[in-house]
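# Residue-level structure breakdown
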Amino acid sequence: MKQESILVCGTGIAGLACALGLSRAGLPVALLGPRQTPPVRAADDYHPRVYAISESSRALLDRLGAWRLIEARRITAVEAMEIHGDADGLLDLSAWQDARESLAWIVESGEIERALQQAAQVMGIAWHEDKFVGLTPQARGVQVDTAQGRQLSASLLVGADGARSPVRVAARIPHEYTPYGDMGVVAHLDIERPHQQRAYQWFTGDSVLAVLPMPDTAQGAQASLVWSMPEGQAQAWLAQPPEAQQAYFAAQAAAITQGRLGRLGLRTRPQGFALTLERSAMMAPGVALVGDAAHRVHPLAGQGLNLGLGDVQTLIQVLTARAPQQHLGEARLLARYRRRRAEPVLAMGLVTHGLHRLFGTSCMPLAWARNQGMSLVDQLPFIKRQLIRAAMGQ
Ligand SMILES: Cc1cc2nc3c(=O)[nH]c(=O)nc-3n(C[C@H](O)[C@H](O)[C@H](O)COP(=O)(O)OP(=O)(O)OC[C@H]3O[C@@H](n4cnc5c(N)ncnc54)[C@H](O)[C@@H]3O)c2cc1C
């Protein structure tokens, strides 16, 4: 009988984590995608993208042997979150309120990728440095065509190939796409006052400005910015020369943050990402999607990658718990994966979309209620504990 195998297409964080987890579970797996090893950075030089990693994602990276490969001094534990409404609403969530040390960890994207690549190498996972271009369904699995003219067969093809997912398109997996008309702009910041291991978020009506704590450097205290704002405003800002970008940001940040962290200045050039709400059917016979290939949410809760790593954990559980007669690409098995992910994916989409709409409205009763609601929740320890657990992916 032909040996069953899994091909993971996409070598970002979701794809690497998936291949590693499957390999550690004893399943035969190979990777398909470019190998771009992020460069080793000097002590005070930080990768432009950082992620807020939840407890459940941190635990997964730890089980995969990757967490310990990330230099501890480049990781910032978030001990509290301060969320400001557009009037006087304030919600303060601290790890101690739920008897924990941290709510999340801020880690550079490049460091997570490098650690996962090293762990994949240690596990001896085969890596086809090539690109997916098409697939042909087979009786048990799929045959994959690559850009270099190879044909690879697999019982199961995992599409971890990002938001535009060529695998999703080729497998004709239904997909819904709603543009927000907003961009998420990211940059690293100089901050005048220490962040005290806190993450800060300001809802301003038409934008959400988040400041995430990062390690201090010889240049002074540092934080990371994620600012979601209307696309036109973002494009106009990003098109400005550096001095004008800096001046615009300093003035806007001073008005929004009211000096909470002292003066804020851009340390790196801002980069913008178009924001969308996306959902897919997550599987077809012989094909499963994980990460941004399967769904995308608004970054205001910092949960997109965490949701993708949740897919990875569930897919591994479903595949390893299959009955002996079931093959890896069987539609009934993959439908079980889709059912298990339906609720968390829908819930995260609803929460982020709901918050985006609630704070985007200028309707007076709602504008008043959202700020009153935040301040009310701030006084309810039980609800705050639930929010803390949700932020941690539990
Ligand atoms: C502004 C912003 C801030 C965010 N902040 C957070 C946060 O704080 N926390 C969080 O959890 N999430 C956050 N997210 C979401 C997060 O960025 C994504 O969810 C995550 O990067 C998706 O990872 P992925 O591995 O699924 O996809 P990707 O990182 O897009 O990786 C896809 C991979 O597929 C490969 N690929 C593409 N086409 C092919 C092909 N034809 N053949 C082979 N390989 C292919 C690519 O080379 C790449 O390696 C944020 C998003 C934005 C926009």
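Preceding this paragraph is the structure being described.
First, a word on what this report is: a plain description of the structure on this page. Treat the numbers as computed from the prediction; the structure is a model and nothing was measured.

## Some words on the site of the ligand
Residues in close proximity to the ligand total 30 residues, the closest being Ala52, Phe132, Asp292, Gly302 and Leu305. Ala14 places a polar main-chain atom, nitrogen or oxygen, 3.1 Å from an oxygen atom of the ligand. Take Arg49: an N or O atom from its side chain is 3.3 Å from an oxygen atom of the ligand. For the ligand, whose accessible area on its own is 1,000 Å², the fraction buried by protein is 84%. Elements represented by at least two residues in the shell around the ligand include exactly α1 (13-24), β3 (50-53), β18 (271-280) and α7 (304-320). In terms of residue count, the dominant contributor to the shell around the ligand is α7 (three residues). Considered class by class, the residues forming the shell around the ligand number 16 nonpolar, 10 polar and four charged.

## Quick notes on the pairing of strand β11 (residues 151-154)
Burial along β11 is one-sided: the face carrying Leu152 and Ala154 is buried and the face carrying Gln151 and Ser153 is not. Strand direction decides the pairing type here: strand β10 (residues 141-146) and β11, joined by four bridges, are antiparallel. Each bridged residue has a counterpart across the sheet, and for Gln143 the counterpart in β11 is Ser153. In textbook terms, the turn of a hairpin is the stretch between consecutive antiparallel strands, and for β10 and β11 this stretch comprises four residues, one of which, Gly149, has a positive phi near 85°.

## Brief notes about the side chain of Gln303
Among the structural elements, Gln303 can be located in the loop between β21 (295-296) and α7. Gln303 sits in the buried class, given a relative accessible area of 9%. Within the local environment of Gln303, its side chain forms a polar contact with the side chain of Asn306, the two groups lying 3.2 Å apart.

## Some words on the pairing of strand β14 (residues 198-203)
The buried fraction of β14 is high, at six of six residues. Neither face of β14 is open: one carries Arg198, Tyr200 and Trp202, the other Ala199, Gln201 and Phe203, and all of them are buried. In the sheet, strand β5 (residues 80-84) pairs with β14 via five bridges, with the strands oriented parallel. Pairing of Ile83 across the sheet is with Gln201, part of β14.

## Examining the packing of α1 against α7
Their axes nearest at 10 Å, the elements α1 and α7 cross at an angle of 25°. Considering their axes alone, α1 and α7 lie roughly parallel with respect to each other. Crossing angle aside, the handedness with which α1 passes α7 is right-handed. Contacts between α1 and α7 involve Ile13, Ala14, Ala17, Cys18, Gly21 and Leu22 from the former and Leu305, Leu309, Val312, Leu315, Ile316 and Leu319 from the latter.

## As for the sheet that holds strand β20 (residues 287-289)
One key point about sheets: their strands pair by backbone hydrogen bonds, in either a parallel or an antiparallel sense. If you walk across this open sheet you meet the six strands as β8-β2-β1-β12-β20-β19, and the pairing is mixed. Of all the strands in the sheet, the pair left with one neighbour each is β8 (126-128) and β19 (283-284). Bridge analysis of strand β12 (residues 156-159) against β20 gives three bridges, and the strand direction is parallel. Looking across to β20, one finds that Gly159 is bridged to Leu289. Of the strands in this sheet, β1 (6-9), β2 (29-32), β8 and β12 are in contact with α1, which crosses β2 at around 165°.

## Overview of the nonpolar core
With 70 residues, the main nonpolar core has Ile6, Val8, Leu22, Leu116, Leu157, Val287 and Leu319 as its most contacted residues. Excluding residues that lie within four positions of it along the chain, Leu157 makes contacts with Leu7, Cys9, Phe132, Leu135, Val142, Val144, Val167, Gly286, Val287 and Ala288. Leu209, Ala221, Trp237 and Leu264 belong to the second largest nonpolar core, which has 23 residues in total.

## Re the sheet that holds β11
With antiparallel pairing, three strands are arranged side by side in an open sheet as β9-β10-β11. The open sheet has two edge strands, β9 (132-138) and β11, and neither has a second partner. The average angle at which neighbouring strand axes cross in this sheet is 25°, direction not considered. As paired strands, β9 and β10 are joined by six bridges and run antiparallel to one another. Looking at the pairing, Gln138 lines up with Gly141 of β10.

## Observations concerning the environment of Ala30
As for its placement among the helices and strands, Ala30 is situated in strand β2. Remark: the alpha-carbon pair of Ala30 and Ala126, spanning 96 residues in sequence, is separated by 4.8 Å. Excluding residues that lie within four positions of it along the chain, Ala30 makes contacts with Ile6, Leu7, Val8, Ile125, Ala126 and His128.

## As for the pattern of salt bridges
Scanning the entire structure with this criterion turns up 18 salt bridges. Salt-bridge contacts for Arg260 lead to Glu82; the nearest nitrogen and oxygen are separated by 2.8 Å. Remark: Glu82 occurs in strand β5 and Arg260 occurs in the loop between α6 (242-257) and β17 (264-266); sequence separation between them is 178 residues. Arg260 gets classed as partly exposed once you look at its relative accessible area, which sits at 31%. Here Glu82 falls in the buried class, since its relative accessible area comes to 4%. Through salt bridges with shared partners, a single ionic network connects Glu82, Asp92, Arg198 and Arg260.

## Regarding the packing of aromatic side chains
Within this structure, the stated rule accounts for six aromatic pairs. Ring centres of Trp227 and Phe249 lie 6.0 Å apart, and the angle between their planes is 65°; this geometry places the pair in the edge-to-face category. In this pair, Trp227 sits in strand β16 (residues 222-230) while Phe249 sits in helix α6, placing the two residues 22 residues apart along the sequence. Classification of Phe249 by relative accessible area gives buried; the value is 0%. For the pair Trp237 and Phe249, a centre-to-centre distance of 6.1 Å together with 15° between the ring planes defines the contact as stacked. Of this pair, Trp237 sits in helix α5 (residues 231-238) while Phe249 is found in helix α6, placing the two residues 12 residues apart along the sequence. Every member of this aromatic cluster is reached through a ring pair, and the members are Trp227, Trp237, Tyr248 and Phe249. Across the ring face of Tyr46, the terminal group of Arg74 is positioned such that the distance to the ring centre comes to 4.4 Å.

The rules behind the values
Residues numbered from 1 in each chain as written. Predicted model: local features only at pLDDT ≥ 70, side-chain atom pairs only at ≥ 80, totals over all residues. Heavy atoms only, no water. Near = heavy atom within 4 Å. Polar contact = N/O pair within 3.5 Å; in protein donor to acceptor, adjacent residues only side chain to side chain. Areas by Shrake-Rupley, 256 points an atom, 1.4 Å probe, with all protein chains shown as cover. Helix = DSSP H or I, 4+ residues; strand = E, 2+ residues; numbered from the N terminus. Nonpolar A, V, L, I, M, F, W, Y, C, P; charged D, E, K, R; others polar. Buried < 20%, exposed > 50% of the residue type's maximum accessible area, 1.4 Å probe, protein only. Pairing = 2+ DSSP bridges. Axes fitted to C-alpha atoms, helices over the stretch in contact; angles between N-to-C directions. Parallel < 35°, antiparallel > 145°, perpendicular 65-115°, else oblique. Left-handed = near helix turned anticlockwise from the far one by under 90°. Contact = heavy atoms within 4.5 Å. Core = buried A, V, L, I, M, F, W, Y, C linked by side-chain atoms within 4.5 Å. Salt bridge = Lys/Arg side-chain N within 4 Å of Asp/Glu carboxyl O. Phe/Tyr/Trp six-rings, centres within 6.5 Å; stacked < 30°, edge-to-face > 60°. Lys NZ or Arg CZ within 6 Å of the ring centre and 35° of its normal.

This is a description of form; function is not addressed.
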